[in-house]
Structure formats: structure tokens, C-alpha cells
Amino acid sequence: TCIACNQACLDHTFQMKICSCLVNPQACHETELVVSPTATKKKVAVIGGGMAGLSAATTAAKRGHTVHLFEASGEIGGQFNMAKVIPGKEEFHETIRYFNKQLELTGVQTHFNTRADKDLILGGEFDEVVIATGVKPREINLDGIEHPKVLSYVDVLQHNKSVGDSVAIIGAGGIGFDVAEFLSHQGKSAALDVAQFMDEWGVDMEYKNGGALKPAEFHSSGREIYLCKRSSGKHGAGLGKTTGWIHRSNLKRKEIKMLANVTYNKIDDSGLHISQNGEDKILPVDNVVICAGQVSIRNLFDELQSAGVAVHIIGGADEAKELDAKRAIEQGIKVGAKI
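As the structure is a computational prediction, the values presented were derived from the model and not from experiment. Every chain is numbered on its own, with residues counted from 1 as its sequence reads. With pLDDT at 70 or above as the cut-off, local features in this predicted model cover only qualifying residues; side-chain atom pairs require 80 or more to be listed or tallied, and sums for whole chains, interfaces and linings still use all residues. Hydrogens are left out, water is left out, and the side-chain values use all remaining heavy atoms of the structure.

This paragraph deals with the pattern of salt bridges. A pair is scored as a salt bridge if a Lys or Arg side-chain nitrogen falls within 4 Å of a carboxyl oxygen belonging to Asp or Glu. Going through the model one piece at a time under the given rule, you end up with 14 salt bridges. Two residues, K161 and D155, come together in a salt bridge whose shortest N-O distance is 3.7 Å. For every residue, the accessible area obtained with a 1.4 Å probe (protein chains only) is divided by the maximum for its type, and the residue is called buried under 20%, exposed over 50%, and partly exposed between those limits. Judged by its relative accessible area of 41%, K161 falls in the partly exposed class. What makes D155 buried here is its relative accessible area of 17%. One salt bridge connects D318 with R327, and the closest N-O pair in it is separated by 4.0 Å. Residue D318 is classed as partly exposed on the basis of its relative accessible area of 31%. Classification of R327 by relative accessible area gives buried; the value is 15%. Each of D318, D324 and R327 takes part in salt bridges that share partners, so that together they form one network.

Here it is in C-alpha cells:
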């Protein structure tokens, strides 16, 4: 199901790349990425129920392999369970719904609330193992990082930790933008209400004004939010060409304060202490949310590889680069198609 992300279709087109689809990497690659019945049935373990693991597990099972999917939590989806709560990204629910159905249709044997380790895998006598254990937030070395004010993006988006009226976000990549969007929103998402959406973007549905345009009616959460980054240049420069301007426009209309060239000094009761362009400042915030990237969770891959197991690694576990679902799903279907 299309999730309206534009990442592999329109964004590829504007970069002069072959058009495809984030949730269906076979699109426009039908003769190159072929999923055919296996000649040798294998017992396969897939560790991790995020996008990469789901893609690999369902593809391998569709080919005729016996597949066991191990997921440490009680549900599939991985990072998509955080993405789906961002206003405007509600369609991400559909990919999780799709894979839930595919697990059922392909006969993947699921093991939830099961943190697979070396002993479990070796005891299962699997012919092939796919590591899709994903990522965890990068820890930063900053004086005061243990202060009660400090939260990670996981605390905010997944664990629903309480956030105050003034917030500094450390990191202005895709996750930082998502957290800013989430925290600056109030009430029902405009993406779920056509009339509200048209009001926010200044579209006159009654055609009373020239060009069907009217003044935008924007509703702010009332929070004071600082979106900070170490580098220079505009915020969101690395976002998708066809959607990045929307994210930037939304945050500017919500009066998010975007700070570049920031050096982080410490966090204490007063807030976040920074230096910017040679000037020391204190951002007097209630909370500091860390969105400073991710690191791969790959210890199990290294252990199994050392034990001589036929093991593959995909998704964030392979490379912690933002939250790249496009690459994760493509890697999953490719490894599922070849084992």
C-alpha cells in the first residue's frame, strides 16, 4: 500500500534515477529482482521484526523456505511504530498492516517477546540466519546528559514520556524534524481531516476567492521549540526533494526556532548551554530531546559469524544511516530472494 512518501518514486525521478517504490522495491526492477520458488528448502531464522526483517522473512517464506521470525518486542514494525505517530505519516500504519497479513499468508512462524541470542540460534539448527536487529539511539558525550530534562526520541515517540512547554532538540536530521513536528502539533492531525488540512494550507474549498486561495489558518501547540544542529546551512537540506519543503514550511509556520552552527556545552537546571557563532547562550527549556543519530545493533551477527554460521546482515543493523526504510526493505527482499 502506498504510504505517500515519494522517496523512491518522485525523489528518484528528480535525481535522474530509475523510479521505484519504497514499499515495493520490485517496481521498475521486475526483471532484475526476481522472487522465484526455491529448489532447496531451508530452515531460516530472521532476527528482528522491523522493515528489513519483515521483507526478508516474507520473501523467503513465499519462495518455500521454513522461516522463523524472532522479535524482542510484542509487535512488528520496528522504527515504523514511531514514524506512524508523526502527524502526516499516518499511512505508515498501512505497511505494518500489510506485513502482518503477509506473515499470515506466507506461513512465517513468529516468536514475539523473544530476544534471540547465539545459543538459541545454534540450538535451532538453522541453515541460514538473517540479522535485522536494527538500531538504537546514538549516545552523545555531553556534560549533564543524565539530567532529568534529557529525553531520547524513543522516549518521546514510543514511550510517550511527558514533554514540557519549552524544548530544545539536538539534531536536525529527519528524526529531529519528525520530533519537532510531533511536539509542535496539537489535537487531531490535519492529514486525517480534509477541511482542517485545506484551512492550514490556505485552500478555499468554496471557491469564493481568486485561485481558490485564502489566508492559511494555522494552529500552533503553544510550545517553544528550538531545532539545533552543529553544521551550517539551512535545516532539512538532506530531506527528500518533493517533501522536504513541506516539512520546512510547516515548522517555520509553527515558529520553530532553527539554530545552526551550534556547539553544545552542557545541560543543567537552567536548560541547554550552547555556543553559536562565538556567543555563549542558554536555552531555558524544560526538556532536551536527543536526535543525534543511531548506531547499529550487530553484536549477534559478529557472534554468529565467528561461530561459522551462514549469516546475513541487513537494514539498520548493517548500516545506521538515518532511518532508511527504502534501503531496509530492498535489502530484505534481495536477501530473501537469494537464500
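Let us now look at the side chain of H147. Along the chain, H147 turns up in the loop between β5 (135-137) and β6 (150-152). Between N or O atoms, a polar contact is any pair within 3.5 Å; within protein, one atom must be a potential hydrogen donor and the other a potential acceptor, and residues adjacent in sequence are included only when both atoms are from side chains. Side chain to side chain, H147 and D269 meet in a polar contact 2.7 Å long. Excluding residues within four positions of it along the chain, H147 makes contact with I267, D268 and D269. Helix and strand assignments come from DSSP, with helices taken as H or I runs of at least 4 residues and strands as E runs of at least 2, each series counted from the N terminus. The contact rule is simple, with two residues in contact once any of their heavy atoms fall within 4.5 Å.

Here helix α7 (residues 174-183) crosses helix α9 (residues 244-253) at 45°, and the two axes come no closer than 10 Å. Taken as axis vectors, α7 and α9 run oblique relative to one another. Viewed along their axes, α7 and α9 form a crossing whose handedness is left-handed. Note on element contacts: α9 touches α7 through H247, R248, N250 and L251, opposite F177, A180 and E181. Only Asp, Glu, Lys and Arg are considered charged, only Ala, Val, Leu, Ile, Met, Phe, Trp, Tyr, Cys and Pro nonpolar, and every remaining residue, Gly among them, polar. The residue inventory of the contact of α7 with α9, partitioned by class, reads three nonpolar, two polar and two charged. Angles shown run from 0 to 180 degrees and are taken between the N-to-C directions of axes, each axis being a line fitted to C-alpha atoms and, for helices, limited to the stretch in contact. Here the angle decides the label: under 35 degrees means roughly parallel, over 145 means roughly antiparallel, 65 to 115 means roughly perpendicular, and every other value means oblique. In this scheme, a crossing is called left-handed if the near helix is turned counterclockwise away from the far one by less than a right angle; it is called right-handed if the turn is clockwise.

This paragraph deals with the environment of A190. With respect to the helices and strands, A190 occurs in the loop between α7 and α8 (194-200). In this structure, the C-alpha to C-alpha distance between A190 and G78, residues 112 residues apart in sequence, is 25 Å. Setting aside residues no more than four positions away along its own chain, A190 makes contact with H185, Q196, F197 and E200.

On to the side chain of T243, then. Topologically, T243 is positioned in the loop between β8 (224-228) and α9. Those residues in contact with T243 that lie beyond four places of it in its chain are C5 and N6.

A separate point is the sheet that holds strand β9 (residues 257-259). An order of β6-β13-β7-β8-β9 is seen for the five strands of this open sheet, with the pairing classed as parallel. Each of the sheet's edge strands pairs with one partner strand only, and the pair in question is β6 and β9. Ignoring which end each strand starts from, the neighbouring axes of this sheet average 20° apart. Pairs of strands are assigned from DSSP output, requiring at least two bridges between the strands. Bridge count between strand β7 (residues 166-170) and strand β13 (residues 287-290): four bridges; the pairing is parallel. Residue A168 lies in a different strand from β13, and its bridge partner there is V288.

By this rule, a helix spans an expected 1.5 Å times one less than how many residues it contains. Over its twelve residues, helix α2 (residues 51-62) extends 16 Å from the first C-alpha to the last, a length consistent with the 16 Å expected when each residue adds 1.5 Å. Of all the twelve residues making up α2, eleven are buried; the element is thus mostly covered by neighbouring parts of the structure. Looking only at α2, the buried set comprises M51, A52, G53, L54, S55, A56, A57, T58, T59, A60 and A61. Buried residues belonging to α2 abut β1 (43-47), β2 (66-70), α3 (80-83), α4 (92-106), β4 (128-131) and α11 (325-338). Where α2 terminates, the next one or two residues include G64, which has phi positive at roughly 115°.

What follows is about the sheet that holds strand β10 (residues 262-268). Here we have three strands laid out as an open sheet, ordered β10-β11-β12, and antiparallel in their pairing. Edge strands, defined here as strands with exactly one partner in the open sheet, are β10 and β12 (279-283). The average angle at which neighbouring strand axes cross in this sheet is 25°, direction not considered. In this structure, β10 lies alongside strand β11 (residues 271-276), joined through six bridges in antiparallel fashion. Directly across from V262, in β11, lies its bridge partner Q276.

Its place among the elements puts A45 in strand β1. Its relative accessible area of 0% is what places A45 among the buried residues. Along the chain, A45 and I131 lie 86 residues apart, while their C-alpha atoms are 8.4 Å from each other.

Packed helix pairs are specified by the crossing angle of their axes together with the interaxial distance, meaning the distance between the axes. Orientation of α2 relative to α4, taken along the N-to-C sense of each, is 30°, at an axis distance of 9 Å. Regarding the angle of α2 to α4, the classification is roughly parallel. Note that α2 runs across α4; the crossing there is left-handed. Packed against α2, whose contacting residues are M51, L54, S55, T58, A61 and K62, the element α4 presents T95, I96, F99, Q102, L103 and T106 at the interface. In terms of residue class, the contact of α2 with α4 is made up of six nonpolar, five polar and one charged.

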